Amino acid sequence: MPTSFNASVNESVIEEFRANEGKVGGPFEGGNLLLLTTTGAKSGTARTTPLGYVRHGGSLLLVASNLGAPDDPHWYRNLLAHPVVDVEIGISAYQALAVPAEGARRDELFAHVVREAPGYGDYQAATTRTLPVVVLEPAVPDDGSPREVRTLADKILEVHGQLRLQLRLVTADVDAHFAALDAHEGPGEPPAPGLGLQIRQRCLAFCQALEFHHTGEDGHLFPGIAHYHPHLTDVFDRLRAEHRTVARVQERLVALLADIGAADPPRFRAELARMTTELTAHLDYEEEMILPLVADVPWPPGPPA
C-alpha cells in the first residue's frame, strides 16, 4: 500500500531507490514510490522523504496522511513554506510546484486516490484531520515558445520570460477568484472569501524565484558586467534601487500569504497590481540596458581561462 515511511527506514529506502533506478524491495516492492525533497520551513535545509503516489491524468498526487496521525507530516508543512520541490521517480528527476487541492476538487481527487489505493481511506478514518491531497505541477510554466539559449543575453531573456509568465498565471488565478465571487447568485454557499491555496503556492513560488534571481544579479551578474563597463555606474545603481523597490512589494505579498484564509483579497490584488507595474518596468529597462552588453557572452559559460 502506498504510504510514507518513518525516520528509521527512510535512509535505507532512499539508498535502495537511488541504487536501483527507483525500485525497492520488501513490503514496498511493486508500489508507486517517489522521493520528495523539500526545503525545511524553519531550517532551510533540504529533506528527502520516500512517499507513495497516485497518478491522475498527467499529474501525480500525494496524500499527507502521516499514517493517520493527528498532525500533518513535516514534508507537507515544508512545501507550504517552499512550494517548489524536487521529485525523483524511476530514473527521472525534476522540479515541481506542490499545490494542495481544496474543497470539492480535494474531495474528488481523494476519492480517486482511495479507488487506486484503498489504504488511504483507512488513514482518513483514523483521524479527524482532513488529509491534504497535493498535486505536483510543473515548477516552471511553459509558454509553448521554443527558445534557444546560446548567450548570456538569451539566458536572461529566458529567466525574465519565466518570471513574467509566473506573474501572469498568479494574476489570472486572482482574477478568476474575484469573478467567481462576483458571479455567485441564489442558494448555496458562495466561494470562500479568502484566497485559495493555488494562488498562495504559485505566488510564493514566484516571489522566491524572483528573490533568487535578483540576489544573483546583485551578487554576481551586475558586478561582473560593471567591471568592464565602469561608465554605467548610474545604470547599475538604478537597477539595484529597483530591486529594493520590488523586494518591498514582494515582502508585503508574502506577509499577506502567511495566513491565506484571512488574507484580504482586495489588498492582495492591489499589491499584485503594484508588483506587476514595478517588475514590468524594471525588466524592460534591464533588458534595454544590459542585453546589448552580454549578447556575445556564451551560455553556458566555458571553463575559466
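Cut-offs and rules
Residues numbered from 1 in each chain as written. Predicted model: local features only at pLDDT ≥ 70, side-chain atom pairs only at ≥ 80, totals over all residues. Heavy atoms only, no water. pLDDT = per-residue confidence, 0-100. Helix = DSSP H or I, 4+ residues; strand = E, 2+ residues; numbered from the N terminus. 1 Å grid on protein atoms, 1.4 Å probe; cavity = no way out; pocket = protein on both sides within 12 Å on 5 of 7 lines; lining within 4 Å. Points joined across faces, edges and corners; volume = space filled by probe spheres on them. Nonpolar A, V, L, I, M, F, W, Y, C, P; charged D, E, K, R; others polar. Phe/Tyr/Trp six-rings, centres within 6.5 Å; stacked < 30°, edge-to-face > 60°. Buried < 20%, exposed > 50% of the residue type's maximum accessible area, 1.4 Å probe, protein only. Salt bridge = Lys/Arg side-chain N within 4 Å of Asp/Glu carboxyl O. Pairing = 2+ DSSP bridges. Axes fitted to C-alpha atoms, helices over the stretch in contact; angles between N-to-C directions. Contact = heavy atoms within 4.5 Å. Core = buried A, V, L, I, M, F, W, Y, C linked by side-chain atoms within 4.5 Å. Parallel < 35°, antiparallel > 145°, perpendicular 65-115°, else oblique. Left-handed = near helix turned anticlockwise from the far one by under 90°. Disulfide = S-S within 2.5 Å. Expected span 1.5 Å × (residues − 1). Arc of directions from axis to C-beta.

The next thing to look at is the confidence of the model for the chain. Looking at the chain, pLDDT values average 90 and 92% of them are 70 or higher. Predicted confidence in the chain is weakest over helix H1 (residues 7–19), with a mean pLDDT of 83, and strongest over strand E4 (residues 59–63), with 97.

This part is about the layout of surface pockets. Size it by volume and the largest pocket reaches roughly 1,000 Å³. If you trace the largest pocket, you find 31 residues lining it, with Val159, Gln162, Ala209, Phe212 and His213 closest to the centre. Broken down by secondary-structure element, the contributors of at least two residues to the lining of the largest pocket are strand E1 (33–39), strand E5 (84–89), helix H5 (152–183) and helix H6 (197–228). Each residue belonging to the lining of the largest pocket can be placed in one class, and the counts come to 16 nonpolar, 12 polar and three charged.

This part takes up the packing of aromatic side chains. Per the stated rule, a full pass over the model turns up three aromatic pairs. An angle of 90° between the planes, with centres 6.3 Å apart, marks the rings of Trp75 and Tyr76 as edge-to-face. For Trp75, a relative accessible area of 5% translates into the label buried. Overall, the relative accessible area of 7% leaves Tyr76 in the buried class. Ring geometry for Phe222 and Phe236: centres 5.6 Å apart, planes at 50°, overall tilted. Taken together, the positions of Phe222 in helix H6 and Phe236 in helix H7 (residues 233–257) put the pair 14 residues apart, joining distant regions of the chain. Using a relative accessible area of 1% as the deciding quantity, one classes Phe236 as buried.

Summed over all chains, the structure comprises 14 salt bridges. The partner of Arg18 in a salt bridge is Glu88, and the shortest N-O contact between them spans 2.7 Å. Here Arg18 is found in helix H1, whereas its partner Glu88 is found in strand E5, with 70 residues between them in sequence. By relative accessible area, Glu88 is classed as buried at 18%. Residue Arg164 pairs with Asp284 through a salt bridge whose shortest N-O separation is 2.9 Å.

The sheet built from seven strands is open, its strands ordered E2-E1-E5-E6-E7-E4-E3 with antiparallel pairing. Among the strands making up the open sheet, the edge pair consists of strand E2 (46–52) and strand E3 (54–56). For this sheet, the mean inter-axis angle between neighbouring strands, taken without regard to orientation, is 40°. Where strand E6 (residues 92–100) and strand E7 (residues 133–138) come together, five bridges link them in antiparallel fashion. Along E7, the bridge assignment pairs Val99 with Val135. Of the strands in this sheet, E1, E2, E4, E5, E6 and E7 are in contact with helix H2 (residues 74–81), which crosses E1 at around 50°. Of the strands in this sheet, E3, E4 and E7 are in contact with helix H3 (residues 103–116), which crosses E3 at around 125°.

Counting 25 residues, the largest nonpolar core has Val174, Cys203, Phe206, Leu210, Phe268, Met275 and Leu279 as its most contacted members. Taken together, the elements giving at least two residues each to this core come down to H5, H6, H7 and helix H8 (265–290). When residues in this core are grouped by element, the largest group, seven residues, is from H6. Grouped together as the second largest cluster of nonpolar side chains are 17 residues, Leu51, Tyr53, Leu79 and Val87 included.

What follows concerns the packing of H6 against H8. Relative orientation of the contacting elements H6 and H8 amounts to 30°, with a least axis distance of 13 Å. Judged by the angle between their axes, H6 and H8 are roughly parallel. Judged by the sense of rotation from one axis to the other, the crossing of H6 with H8 is left-handed. Between H6, through Ile199, Cys203, Phe206, Leu210, His213, His214, Glu217, Phe222 and Ile225, and H8, the contact on the second element is made entirely by Phe268, Met275, Leu279, His282, Glu286 and Ile290. Looking at the contact of H6 with H8 residue by residue, the class counts come to 10 nonpolar, three polar and two charged.

Turning to the state of the cysteines, a few remarks are in order. Following the criterion strictly, the structure yields zero disulfides and no others. Residue Cys203 stays outside any disulfide, its sulfur separated by 4.3 Å from that of Cys207, the closest cysteine. Looking at Cys203, the relative accessible area reads 0%, which means it is buried. The buried category is assigned to Cys207, whose relative accessible area is 1%.

For the rest of this paragraph, the subject is H3. Taking 1.5 Å per residue, 14 residues should reach 20 Å; H3 reaches 20 Å between its end C-alpha atoms and fits that length. Every buried residue belonging to H3 is among Arg106, Leu109, Phe110, His112 and Val113, and all of these are buried. Relative to the axis of H3, the buried residues are bounded by an arc of 155° and lie together on one face. Turned more than 90 degrees from where H3 packs its buried face, Ala104, Glu108 and Arg115 sit exposed. Next to the buried residues of H3 lie E3, E4, helix H4 (119–125) and E7.

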